[in-house]
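Inside the fold
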Amino acid sequence: MLDKNGIAKRIAKEVKDGYYVNLGIGIPTLVANYVRNDIEVEFQSENGVLGMGPFPFEGEEDADVINAGKQTITTLPGASFFDSATSFSMIRGQHVDLTILGAMEVAENGDIANWKIPGKMVKGMGGAMDLVASAENIIVAMMHTNKKGESKLLKKCSLPLTGVGCVKKIVTNMAVLEVTKNGFKLLERAPGVSVDDIKNATEGVLLVEGEIPEMVL
Amino acid sequence: MIVKKVANVSEALQGVQDNMTFMFGGFGLSGIAENSIAELVKIGVSGLTCISNNAGVDDFGLGLLLQQKQIKKMISSYVGENDEFERQMLTGELEVDLIPQGTLAERCRAAQAGIPAFYTPAGYGTEVAEGKETRDFNGKMHLLEYAFKADFGFVKAWKGDTAGNLIFKGTARNFNPNMCGAAKITVAEVEELVPAGELDPNQIHIPGILVNRIFQGEVYEKRIEQRTVRQRD
């Protein structure tokens, strides 16, 4: 079973040379720590920066340079700043190659819910609906089950949707899965996790074809 | 040269009234019109509809207007870094319309550009789509979204000149340029206001035609919401 950093490490392998990548808040943010340093990647933050770098050193924080999580950041050589409409032109216009975001639930048809729990304080969708509606290549980073141990990979989402039929790939603490017409196709197992463990933790249709390899991290 | 400079924030906000719709630039607390917000608190206008990506924190940004119960409705993409906001929302004192961030930006840009409405895929199949016209383009479903209509837009830039030309800094740019010229009256406040001719025309982000009034803010706190740093090796 992986921890959050393990999930981030596995997803980092999906980041290819020359990619522009948008990282959501939470586990996705950690992915930046594990991207190979022999490839060129630029991180986009929807509040208007491309070419995000690490957090600043103490004393070098700038209130005018933050990420979408409102954290102070730095920029790397080649970075640029732009307005919000331009930022979402990049997203909606499919100029961003890869979007990595967290989720509360994913359905076997690729529906995703990650913005609202009815009856609880609703904070809003931010840019998530724009991202999932337009991105060609979306990877969801999440735990396989919720805190109660219930599956987050469902036949149908129970929470209000963020987008329909948009998730292509999911990396959890237990497995790597692809969303297909017929359900969740199991691609890889996390170290120490069996196919049966994954079956038991997946409510939606799970397709298991042949031997399922263990993840290489 | 057409002069957009006004003497101070008080002159810049001439004409604001109860029950108006305002646009506010800023992302979190970055790039917010601090001086205009402070003046609105002072004037005490209420029943306001505010279009802003976020709603500030308890004691800063739009949180200051919330504290005084001046806001009737918020149109935002992400809120709730703010206890007073949550309280007013749960008691129904405050109406909240949550919309996707890209749609919010584009509804500003559309208003600026004289485009009455546009189609976007964001929110299709979700509760955001309820009651909205939908249409298939190239095999993909889209929602019809309308340009905003607002009385005043309050934006903040880094530098400006007396002709109303603006230059933004870093991610404090965000929604500010998209809101210029998107309301009936655009009020720009800047950290540094210089005479026309001092800014390089090649470097202007927003031309003065989209700004009605400009003034230099007296003080900028520029509060950081999430101070994150790394250790030196």
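Residues numbered from 1 in each chain as written. Chains lettered and ligands numbered in written order. Predicted model: local features only at pLDDT ≥ 70, side-chain atom pairs only at ≥ 80, totals over all residues. Heavy atoms only, no water.

What follows deals with the interface of chain B and chain A. It is common to give the size of an interface as the accessible area lost on bringing the parts into contact. Taken together, the contact between chain B and chain A spans 51 residues of the former and 48 residues of the latter. Between chain B and chain A, roughly 4,300 Å² of surface is buried when both sides are summed, and carbon and sulfur atoms account for 57% of that area. When the area that chain B buries against chain A is broken down by residue, the three leading residues are B:Thr171, B:Thr228 and B:Arg230, summing to 16%. Inspection of the chain B/chain A interface yields seven salt bridges. Between A:Lys116 and B:Glu127 there is a salt bridge, and its shortest N-O distance comes to 2.5 Å. Linking chain B to chain A there are 31 residue pairs in polar contact (both at pLDDT 80 or more). Looking at the side of chain B that touches chain A, the elements that each hand over two or more residues are helix H4 (83-90), helix H5 (101-113) and helix H6 (176-179) of chain B. Here the side of chain B that touches chain A takes six residues from H5(B), the largest share from any one element. For the side of chain B that touches chain A, the class distribution of residues is 18 nonpolar, 19 polar and 14 charged. (Contact = heavy atoms within 4.5 Å. Buried area = accessible area lost by both parts, 1.4 Å probe. Salt bridge = Lys/Arg side-chain N within 4 Å of Asp/Glu carboxyl O. Polar contact = N/O pair within 3.5 Å; in protein donor to acceptor, adjacent residues only side chain to side chain. Helix = DSSP H or I, 4+ residues; strand = E, 2+ residues; numbered from the N terminus. Nonpolar A, V, L, I, M, F, W, Y, C, P; charged D, E, K, R; others polar.)

Right, let's talk about the pattern of salt bridges for a bit. This structure, assessed with the given rule, holds 23 salt bridges over all chains. In this structure, A:Glu14 engages A:Lys169 in a salt bridge whose closest nitrogen and oxygen atoms are separated by 2.9 Å. Remark: A:Lys169 occurs in strand S10 (residues 169-171) and A:Glu14 occurs in the loop between helix H1 (4-12) and strand S1 (20-23); sequence separation between them is 155 residues. Accessibility expressed as a relative area gives 13% for A:Glu14, which makes it buried. Measuring nitrogen to oxygen at the nearest pair gives 3.5 Å for the salt bridge that ties A:Glu60 to B:Arg232. Highlighted residues: A:Glu60 in the loop between strand S3 (49-52) and strand S4 (75-81) and B:Arg232 in the segment after strand S11 (213-216), drawn from two different chains. Sharing partners across several salt bridges, the network here consists of A:Asp62, A:Asp64, B:Lys156, B:Lys169, B:Glu191 and B:Lys222. (Buried < 20%, exposed > 50% of the residue type's maximum accessible area, 1.4 Å probe, protein only.)

Here we come to the side chain of A:Lys70. Along the polypeptide, A:Lys70 turns up in the loop between S3 and S4. Apart from the residues within four sequence positions on either side, A:Lys70 is in contact with B:Phe27, B:Gly28, B:Asn54, B:Tyr78, B:Glu81, B:Glu225 and B:Gln226.

Any region with low pLDDT has predicted coordinates that should not be read closely. Taken over all residues, the pLDDT of chain B has a mean of 97, while the share at 70 or more is 100%. If you check the scores for this complex, the pTM reads 0.96 and the ipTM reads 0.97. (pLDDT = per-residue confidence, 0-100.)

Quick look at the pairing of strand S2 (residues 48-51) of chain B now. All names here are of chain B. Where burial is concerned, the two faces of S2 agree: the one with Leu48 and Cys50 and the one with Thr49 and Ile51 are both buried. Relative to S2, strand S1 (residues 21-24) is paired through three bridges, and the arrangement is parallel. Within the sheet, the bridge partner assigned to Met23 lies in S2 and is Ile51. Each parallel crossover has a hand, and the one from S1 via helix H2 (residues 34-43) to S2 is right-handed. Pairing between S2 and strand S3 (residues 71-76): four bridges, direction parallel. (Pairing = 2+ DSSP bridges. Right-handed = clockwise from strand over helix to strand, strands pointing away.)

The next point concerns the packing of aromatic side chains. Residue and element names in this part refer to chain B. Scanning all chains against the criterion turns up six aromatic pairs over all chains. On the numbers, 5.9 Å between centres and 90° between planes, the contact of Phe22 with Phe152 is edge-to-face. In this pair, Phe22 sits in strand S1 while Phe152 sits in strand S8 (residues 152-161), placing the two residues 130 residues apart along the sequence. Just as Phe22 is buried, Phe152 falls in that class too. Each residue in the set Phe22, Phe24, Phe152 and Phe154 is aromatic and connected to the rest through ring pairs, giving one cluster. The ring of Tyr220 carries Lys156 above its face, with NZ or CZ at 5.1 Å from the centroid. Above the ring of Trp158, the side-chain terminus of Lys159 is found at 4.4 Å from the ring centroid. (Phe/Tyr/Trp six-rings, centres within 6.5 Å; stacked < 30°, edge-to-face > 60°. Lys NZ or Arg CZ within 6 Å of the ring centre and 35° of its normal.)

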